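# Per-entry structural report
Given next are the chains, with one letter for each unit.
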Amino acid sequence: MAKYCLYQDRCHWEVEKKLREFDLIPEAKDEIIFKLLHYGFLNEERFVHNFVRGKVNQKLWGKNRLKQELKLRQIDSKLIDTALKEEIDPEKYWNNLVKLSQKKYDALYSERDSFKKINKIKSFLAYKGYEFDLINEAIVLLNIK
């Protein structure tokens, strides 16, 4: 399990899910998790910060998607909010949104109906997890006619 946690940061939920694959008694599972915590292989706070930083920088995810994915992993809401505030640079976040909207706009060059094009862009950006007010501002920048 230490090797599993070394490969990439893991949260408690992921480790417990992995441990369910093995036929272990509950005391053994608890002991493994205790040892992982004790030796620093398992750290929820580090996981959340790395997760947020990585997904914003690599996959260009928005805050809504990040919150959803972290809640799925049973991460505490306070920890999520702290990581979002500390790890997301507002300027980079906005630049990611503009970059994604322009990329999607360019990919929809064959779409003639501007209303459909705008809706497809909005749906894509919402899927990525961006807030609707920011999406609307980015759409205005595209100047679709």
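Residues numbered from 1 in each chain as written. Predicted model: local features only at pLDDT ≥ 70, side-chain atom pairs only at ≥ 80, totals over all residues. Heavy atoms only, no water.

### With respect to the side chain of Arg 65
Keep this limit in mind: To qualify as a helix, a DSSP run of H or I must reach at least 4 residues; to qualify as a strand, a run of E must reach at least 2; elements of each kind are numbered from the N terminus. A simple rule labels every residue: compare its accessible area, found with a 1.4 Å probe on the protein chains alone, to the largest value its type can have, and call it buried under 20%, exposed over 50%, or partly exposed in between. Residues are treated as being in contact if the distance between any of their heavy atoms lies within 4.5 Å.
With respect to the helices and strands, the residue Arg 65 is situated in helix α5 (residues 63–72). Owing to a relative accessible area of 13%, Arg 65 belongs among the buried residues under this scheme. Setting aside residues no more than four positions away along its own chain, Arg 65 makes contact with Tyr 127, Lys 128 and Gly 129.

### Quick notes on the pattern of salt bridges
As a reminder of what qualifies: Here, a salt bridge means any Lys or Arg side-chain nitrogen found within 4 Å of an Asp or Glu carboxyl oxygen.
Counted according to the given criterion, the structure contains eight salt bridges. Asp 9 is paired through a salt bridge with Arg 46; the nearest N and O atoms lie 3.0 Å apart. You can see Asp 9 sitting in the loop between α1 (2–7) and α2 (12–19) and its partner Arg 46 sitting in helix α4 (residues 44–59), a full 37 residues away along the chain. Here Arg 46 falls in the partly exposed class, since its relative accessible area comes to 31%. Close ionic contact of Arg 53 with Glu 87 constitutes a salt bridge, the shortest N to O distance being 2.9 Å. Taken as a pair, Arg 53 in helix α4 and Glu 87 in helix α6 (residues 77–87) lie far apart in primary sequence, 34 residues in all. When its relative accessible area of 34% is taken as the criterion, Arg 53 is described as partly exposed. For Glu 87, a relative accessible area of 22% corresponds to the partly exposed category.

### A word on the packing of aromatic side chains
Between two aromatic rings, the relevant description is the distance of the centres plus the angle of the planes. Where we set the bar: Stacked, tilted and edge-to-face pairs are distinguished by plane angle, under 30 degrees for stacked and over 60 for edge-to-face with tilted covering the rest, among Phe, Tyr and Trp rings (Trp via its six-membered ring) whose centres lie within 6.5 Å. Definition used: whenever NZ (Lys) or CZ (Arg) falls within 6 Å of the ring centre and also within 35 degrees of the ring normal, the charge is taken to sit over that ring.
For the structure on display, the rule yields three aromatic pairs. Ring centres 6.2 Å apart and planes at 65 degrees place the aromatic pair Phe 51 and Trp 61 in the edge-to-face group. Linking Phe 51 in helix α4 with Trp 61 in the loop between α4 and α5, this pair joins segments that are ten residues apart in sequence. Trp 61 shares its class with Phe 51; the two are buried. Here Tyr 93 and Tyr 130 contribute two aromatic rings whose centre-to-centre distance is 5.0 Å and whose plane-to-plane angle is 45 degrees, an arrangement assigned as tilted. Placement of the pair is Tyr 93 in helix α7 (residues 90–107) and Tyr 130 in the loop between α8 (114–128) and α9 (132–142), with a sequence separation of 37 residues. Aromatic rings pair up to connect Phe 47, Phe 51 and Trp 61 into one cluster. Here the guanidinium or amino end of Lys 55 rests over the ring plane of Trp 61, the centre of that ring lying 5.2 Å away.

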